[in-house]
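If you want the building blocks of each chain, they are given just below.
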Amino acid sequence: MNPLLARLHPYPFERLRELTRDITPSARYKPIGLGIGEPRHPTPALILQAICANLAGLSKYPATAGEPALRKAIVDWVQSRYGVALDPASEVLPVNGSREALFALAQTVIDPSRTGACVVCPNPFYQIYEGAALLAGANIAFVNSDPARNFAADWNSITPSVWAQTQLLYVCSPGNPTGAVMPLQEWQRLFELSDRYGFVIASDECYSEIYFGDVPPLGSLQAARQLGRPGFRNLVALTSLSKRSNVPGMRSGFVAGDAVLLKQFLLYRTYHGSAMSPTIQQASIAAWGDELHVIENRAKYRAKFERVTPLLASVLTVALPDAGFYLWAQVPGGDDLAFARDLLAQYNVTLLPGRLLARAAHGANPGAGRVRLALVAELDECVEAAQRIVSFLKSH
Ligand SMILES: Cc1ncc(COP(=O)(O)O)c(C=O)c1O
């Protein structure tokens, strides 16, 4: 067996199941799940229709690079969303959801034979970053988020000697679970560090289309352009249809940026066998070409956050995030594990204890004392969950 497999940690939902195994949730309430961040709004009809109209694609082997029409649809979307022109032939690749691409990228980029191969990772974080780094044979340096600065990452906590060994940096903006969007100055700082130390930046932007202000979240490629950088050296952005278009089961996204890196990534993917089904490619073209369903989707999330945030803010320390579909709340008393267990037992609401999404680093687990609530259910259910949390906390 590959000995690196033994370095993997149990997934947070596995740990949550373990944590709540002995609990019998109150039968007085129907279950409401705010634990898993899986989009639950209906898939738009235009995507379903595109799948049905293109079933003939199942009889063909797809090319890993994707069909030119899909690459063009992606490039057109990037142009209209970020005002960034990309070369469809070399600066974009379709991927089967951003998860597999985030993982595969580390396998492509990391040279484990270099001493102290290191991946820098936000903390709390999307768990794939850690597994990808470990299976690539790298060590991980965590950067804690700072609640006093809108959960910005504390890049100063990484020493020059660690940056010197860093081969890959994962950035998540909008963040999961914090919802924080990274501003331009922070991108400037990261680009300077990447130029100085030569590491790759993988920018996970899969929540970019769910936001609450008037200005859409800044993308990494857009930041590079705004800062007058000539190309995208050592930078790739990863985007997904899962959240934007409510198709987590379709497995469709893309990677865009550094053409030199993407050439190697394509080589890796050809052997790994990560080509996207022609049927899904056609449905993806339909999805990237339509913004109406994205606007409607965003409006549904906005309505939920508008109702739920003030309710919860009356009993918890919580604020409307910049973007994403999570609330990242601080629990009274600071015991997120007990909070999750007791809420499930008494009110049949599942949420994720924050410490399961983070690791202890720099003397603290930045998820401890917090819980993540995924507002993925329909409005009424989310409001009911919030009301139950209010009752739960008022009765304590
Ligand atoms: C931060 C983050 N990145 C990436 C993903 C993966 O999304 P997908 O593989 O559906 O594109 C998720 C899914 O929950 C996520 O939360």
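Anything mentioned here points back to the structure above.
Conventions adopted
Numbers given for residues are sequential positions, taken from 1 along each chain in its written order. Totals for whole chains, interfaces and linings use all residues, but because this is a predicted model, local features are given only for residues with pLDDT of at least 70 and pairs of side-chain atoms are given and counted only at 80 or more. The side-chain figures draw on all heavy atoms in the structure; neither hydrogens nor water molecules are used. Counted as salt bridges are all cases of a side-chain nitrogen of Lys or Arg within 4 Å of a carboxyl oxygen of Asp or Glu. Residue exposure (1.4 Å probe, protein chains only): buried if accessible area is under 20% of the type maximum, exposed if over 50%, otherwise partly exposed. The numbering of helices and of strands both runs from the N terminus, where a helix is a DSSP run of H or I of at least 4 residues and a strand a run of E of at least 2. We define a polar contact as two N or O atoms separated by no more than 3.5 Å, with the added condition that, inside protein, one atom must be a possible hydrogen donor and the other a possible acceptor, whereas residues neighbouring each other in sequence contribute only through side-chain atom pairs. Any pair of residues with heavy atoms lying within 4.5 Å of one another is described as a contacting pair. Note on geometry: axes are C-alpha line fits, over the in-contact stretch for helices, and angles between N-to-C directions span 0 to 180 degrees. The labels follow the angle: roughly parallel below 35 degrees, roughly antiparallel above 145, roughly perpendicular from 65 to 115, and oblique for the rest. Left-handed describes a crossing whose near helix is turned anticlockwise from the far helix through less than a right angle; right-handed describes the clockwise counterpart. Ten residues, namely Ala, Val, Leu, Ile, Met, Phe, Trp, Tyr, Cys and Pro, are considered nonpolar, four, namely Asp, Glu, Lys and Arg, are considered charged, and the remaining ones, Gly among them, are considered polar. One heavy atom suffices: a residue is near a molecule or strand as soon as one of its heavy atoms comes within 4 Å of it. Each accessible area is a Shrake-Rupley result for a 1.4 Å probe, and residues are judged covered by the shown protein chains and nothing else. The way it works is a 1 Å grid over only the protein atoms, where trapped points that fit a 1.4 Å probe form a cavity and open points with protein on both sides within 12 Å along at least five of seven lines form a pocket, and then any residue with an atom within 4 Å of a point lines it. Pocket or cavity membership: a molecule qualifies when more than half of its atoms sit within 2 Å of the grid points of that site. For two strands to pair, DSSP has to find at least two bridges joining them.

*Asks:* Run through the pattern of salt bridges, naming residues and quoting values.
*Replies:* Across all of its chains, the model carries 14 salt bridges by this definition. Ionic pairing is found between D146 and R149, a salt bridge with its closest N-O pair at 3.0 Å. Here D146 falls in the partly exposed class, since its relative accessible area comes to 24%. The exposure class of R149 is partly exposed, given its relative accessible area of 42%. One salt bridge in this structure joins D195 and R233, with 3.7 Å as the shortest N-O distance. Here the residue D195 occupies a position in helix 7 (residues 184-197), and R233 occupies one in the loop between helix 8 (220-226) and strand 8 (235-240), the gap between them amounting to 38 residues. Judged by its relative accessible area of 37%, D195 is partly exposed. With a relative accessible area of 52%, R233 lands in the exposed category. Because the salt bridges share partners, they merge into one network encompassing D195, R229 and R233.

*Asks:* Before we move on, can you summarise the side chain of N348 with the specific residues and values?
*Replies:* Within the secondary structure, N348 sits in the loop between helix 13 (336-347) and strand 11 (349-350). By relative accessible area, which is 9% here, N348 ends up buried. Here the side chain of N348 touches Y29 through a polar contact of 2.9 Å, landing on its backbone oxygen. Those residues in contact with N348, other than ones at most four positions away along the chain, are P25, S26, Y29, K30, P31, I32, L343 and R388.

*Asks:* I'd love a proper account of the packing of helix 2 (residues 45-53) against helix 11 (residues 278-288), names of residues and values included.
*Replies:* One way to put it is that helix 2 packs onto helix 11 with a least axis distance of 8 Å and a crossing angle of 150°. One finds that helix 2 runs roughly antiparallel with respect to helix 11. Pair helix 2 / helix 11 crosses with right-handed handedness. Within the contact between the two elements, helix 2 uses L46, I47, A50 and I51 and helix 11 uses T279, I280, Q282, A283, A286 and A287. Of the residues belonging to the contact of helix 2 with helix 11, the class tally is eight nonpolar, two polar and no charged.

*Asks:* How would you explain the site of the ligand if you had to name every residue and give the values?
*Replies:* Of all residues adjacent to the ligand, which total 15 residues, the nearest are S98, D204, S240, S242 and K243. One of the side-chain nitrogen or oxygen atoms of N176 is found 2.8 Å away from an oxygen atom of the ligand. Here S240 contributes a side-chain N or O atom positioned 2.6 Å from an oxygen atom of the ligand. Contact with the protein chains covers 92% of the free accessible surface of the ligand, which is 400 Å². Given that more than half its atoms are within 2 Å of the pocket grid, the ligand belongs to the largest pocket. Going through the elements one at a time, helix 4 (98-109) and helix 9 (241-244) are the ones with two or more residues in the shell around the ligand.

*Asks:* Account for the environment of R269, with residues named and values stated.
*Replies:* Turning to its location among the elements, R269 is positioned in helix 10 (residues 259-272). In this structure R269 comes out as buried when scored by relative accessible area, which is 0%. Excluding its chain neighbours within four sequence positions, the residues that come into contact with R269 are T64, L93, P94, V95, N96, E100, A101, A104 and S274.

*Asks:* I'd like to hear about helix 11, residue by residue, with values.
*Replies:* Burial within helix 11 is extensive, with eight of its 11 residues counted as buried. All of the buried residues in helix 11 are P278, T279, I280, Q281, A283, S284, A287 and W288. Where helix 11 is buried, its residues contact helix 2, helix 3 (68-82), strand 8, helix 9, strand 9 (253-257) and helix 12 (292-313). With a side-chain oxygen positioned 3.1 Å from the backbone nitrogen of T279, the residue opening helix 11 is S277.

*Asks:* Kindly report on the sheet that holds strand 10 (residues 326-330), identifying the contributing residues and their values.
*Replies:* With antiparallel pairing, three strands are arranged side by side in an open sheet as 10-13-12. Taken across any chain shown, the strands that pair with only one partner, and hence form the sheet edges, are strand 10 and strand 12 (352-353). The sheet contact formed by strand 10 and strand 13 (residues 370-374) spans five bridges and is antiparallel. Bridge pairing links Q330 to R370 in strand 13. Contacting strand 10 and strand 13, helix 12 crosses the sheet at an angle of about 5° to strand 10.

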